[in-house]
Amino acid sequence: MDSRPSWQQYFMQMALLASQRSTCLRRKVGAILVRNNQILSSGYNGSPKGIAHCAEVGCLREQLKVPAGQNHELCRGVHAEQNAIIQAGINGSSTSNADLYCTHQPCSICARLIINAEIRTVYVAYPYPDKLAEQLFQEADITLYHLDTKSWEVSRIV
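Residues take numbers from 1 onward in each chain, read along the sequence in its written order. Predicted model: local features are reported for residues with pLDDT of at least 70 only, side-chain atom pairs are reported and counted for 80 or more only, and whole-chain, interface and lining totals are derived from all residues. Neither water nor hydrogens contribute to the side-chain values; these are computed over all heavy atoms in the structure.

## A word on the environment of Y101
Cut-off, in case you're wondering: Starting at the N terminus, helices and strands are each numbered in turn, a helix being any DSSP run of H or I of at least four residues and a strand any DSSP run of E of at least two. Two residues qualify as a contact provided that any one of their heavy atoms is within 4.5 Å of a heavy atom in the partner residue.
Mapped onto the fold, Y101 is located in strand β3 (residues 99–104). Through-space distance from the C-alpha of Y101 to that of A140 is 18 Å; in sequence the pair is 39 residues apart. In this structure Y101 touches Q8, F11, M12, A15, G30, A31, I32, V34, Y123 and L147, once residues within four positions along its chain are discounted.

Set out below in structure tokens:
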């Protein structure tokens, strides 16, 4: 019997590992961009380069009492998906036809970036109720899957 993880398990475990680098006080998110079973880049959510981390200055969203899922722009942090796309660009790796493994379902802001980055498939460990993001993925013909980290079963969200 083969005890090696499947490619999906492997990449999601890497996204979970990347999330441990997060400096966000509310939700630790990690992302891995992959094409042809090769890692293009990784990302986690946190403050931009050279800017104080929320752990040092506090959470702006908590201070302003912003509910989860609203006003994503009111945050010091860059989302994990955004950082993975940015790192691919910095390193000269095309994201066209790539797969994204992300610990949490992307918000509508990240969905728009994923669409324009020409990423074709998104796997998430933790679904996140963002109907606009799901609608955008559906319109752009991007498949969104839930990859359950307990059973490793895959189910289609969009």
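## Notes on the state of the cysteines
Convention followed: By convention in this document, the label disulfide applies to cysteine sulfur atom pairs within 2.5 Å.
Using the criterion set out here, one finds 0 disulfides in the structure. Between C54, a cysteine without a disulfide, and C75, which holds the nearest cysteine sulfur, the sulfur-to-sulfur distance is 5.6 Å. The thiol of C102 is not disulfide-bonded; the next cysteine sulfur, from C110, is found 7.5 Å away.

## Structural notes on the packing of aromatic side chains
Applied cut-off: Working definition: rings of Phe, Tyr and Trp (its six-membered ring) pair if their centres are within 6.5 Å, and the pair is stacked with planes under 30 degrees apart, edge-to-face with planes over 60 apart, and tilted otherwise. A simple rule labels every residue: compare its accessible area, found with a 1.4 Å probe on the protein chains alone, to the largest value its type can have, and call it buried under 20%, exposed over 50%, or partly exposed in between.
A full pass over the atoms with the stated rule returns 6 aromatic pairs. A centroid spacing of 4.6 Å and a plane angle of 10 degrees characterise the contact between Y101 and Y123, whose relative ring orientation is stacked. Taken together, the residues span a long stretch of sequence, with Y101 in strand β3 and Y123 in strand β4 (residues 121–126) at a distance of 22 residues. With respect to burial, Y101 and Y123 carry one shared label: buried. By the ring-pair criterion, three or more aromatic residues cluster together here, those being W7, Y10, F11, Y101, Y123 and Y145.

## Topic: the packing of helix α5 (residues 108–116) against helix α6 (residues 131–139)
Spelled out, the test is: In this analysis an axis means a line fitted to C-alpha atoms, helices contributing only their contacting stretch, and an angle means the value between N-to-C directions, from 0 to 180 degrees. Oblique is the label for every angle not falling under 35 degrees (roughly parallel), over 145 degrees (roughly antiparallel), or within 65 to 115 degrees (roughly perpendicular). The crossing is said to be left-handed when, going from far helix to near helix, the turn is anticlockwise and less than a right angle, and right-handed when the turn is clockwise. Amino acids outside the nonpolar list (Ala, Val, Leu, Ile, Met, Phe, Trp, Tyr, Cys, Pro) and the charged list (Asp, Glu, Lys, Arg) are all regarded as polar, and Gly is one of them.
The N-to-C vectors of α5 and α6 enclose an angle of 15 degrees; their axes lie 8 Å apart at closest approach. Put simply, α5 runs roughly parallel to α6. Considering how the two elements wind past one another, α5 and α6 form a crossing that is right-handed. Where α5 approaches α6, its residues S108, A111, R112, I114 and I115 are matched on the opposing element by L132, A133, L136 and F137. Taken together, the residues of the contact of α5 with α6 sort by class into 7 nonpolar, 1 polar and 1 charged.

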